[in-house]
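These are the residues of each chain, in order.
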Amino acid sequence: MEEEVVVLSPDRLGYKDRGKMKWQGLMLSDHNAALKQMKEDNKKQYGVEKEQMTTEEVSEVLYKAYILKKPVAIQANVLRDGHYYPDVKCIVKGYTGENIYLQLKDGQMKKVSIYLIRHVEYMDSAEWYVKRKHKKKPTF
């Protein structure tokens, strides 16, 4: 009598390999971490919605900033992907009618209509002006 050799394999026992399915659980935590990082980056890219100011309130703050040469942070009344742009930090250099002339931190001059400004507030002057360290001359 001849003995029959029975080979038991997972396939013969009814196990079906899930292939890529079993790797998705391993990649899921990395994917979640990447999504959280993207959400954080979007928050940094977009500004927080601030209170809508009237044109008169905006004009008053900009006029005082112009007279006192104080830096301001301006939020434009423009949406991008349902979010407001981050604040523009600048100094008011002048105005004509409804246009305001702003100097950005990098030195660029921009002309903006007052009707495009949603919110404006004074900035901390130390945040605007760069403190330069003076090198001490060696004393002998």
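Cut-offs applied
Residues numbered from 1 in each chain as written. Predicted model: local features only at pLDDT ≥ 70, side-chain atom pairs only at ≥ 80, totals over all residues. Heavy atoms only, no water. Pairing = 2+ DSSP bridges. Helix = DSSP H or I, 4+ residues; strand = E, 2+ residues; numbered from the N terminus. Axes fitted to C-alpha atoms, helices over the stretch in contact; angles between N-to-C directions. Contact = heavy atoms within 4.5 Å. Core = buried A, V, L, I, M, F, W, Y, C linked by side-chain atoms within 4.5 Å. Buried < 20%, exposed > 50% of the residue type's maximum accessible area, 1.4 Å probe, protein only. 1 Å grid on protein atoms, 1.4 Å probe; cavity = no way out; pocket = protein on both sides within 12 Å on 5 of 7 lines; lining within 4 Å. Points joined across faces, edges and corners; volume = space filled by probe spheres on them. Salt bridge = Lys/Arg side-chain N within 4 Å of Asp/Glu carboxyl O.

## Overview of the sheet that holds strand β5 (residues 99–104)
- The strand order β6-β5-β4-β1-β7 describes an open sheet built from five strands, whose pairing is antiparallel. Of all the strands in the sheet, just β6 (109–113) and β7 (117–122) have a single pairing partner and so form its edges. Sheet twist, expressed as the average angle between the axes of neighbouring strands with direction ignored, equals 45°.
- Bridge count between strand β4 (residues 88–96) and β5: six bridges; the pairing is antiparallel. Opposite isoleucine 91, over in β5, you have glutamine 103 as the bridge partner.
- Each of β1 (71–76), β4, β5 and β7 is contacted by helix α2 (residues 55–68), which is oriented at about 40° to β7, the strand it contacts most.

## Things to note about the nonpolar core
- Judged by nonpolar contacts, the single largest core of 15 residues is most densely connected at Val58, Leu62, Val72, Ile74, Val92 and Val120.
- If you list the elements that add at least two residues to this core, you get α2, β1, β4, β5 and β7.
- For this core, the element with the highest residue contribution is α2, accounting for four residues.
- Other than its neighbours up to four places away in sequence, valine 72 contacts Leu62, Ala65, Val88, Lys89, Cys90, Val92, Val120, Glu121, Tyr122 and Met123.

## Points about the layout of surface pockets
- As a volume, the largest pocket reaches approximately 230 Å³.
- Together, Ile74, Ala76, Val78, Tyr85, Pro86, Val88, Leu102, Leu104, Lys110, Val112, Leu116 and Ile117 line the largest pocket.
- At the level of secondary structure, the elements contributing two or more residues to the lining of the largest pocket comprise β1, β5 and β6.

## Comments concerning the pairing of β4
- In terms of strand pairing, β1 meets β4 through four bridges, oriented antiparallel. Across the sheet, residue proline 71 finds its bridge partner in β4, namely isoleucine 91.

## Here we look at the environment of glutamate 56
- Inspection of the secondary structure puts glutamate 56 in helix α2.
- By relative accessible area, glutamate 56 is classed as exposed at 58%.
- Glutamate 56 sits 58 residues away from isoleucine 114 along the chain, and the two C-alpha atoms are 9.8 Å apart.

## Some details on the pattern of salt bridges
- Summed over the entire model, instances satisfying the criterion amount to three salt bridges.
- In this structure, the salt-bridge partner of lysine 50 is aspartate 87, at a minimum N-O distance of 2.3 Å. You can see lysine 50 sitting in the loop between α1 (21–45) and α2 and its partner aspartate 87 sitting in the loop between β3 (83–84) and β4, a full 37 residues away along the chain.
- Relative accessible area serves as the criterion here: at 21%, lysine 50 is assigned to the partly exposed category.

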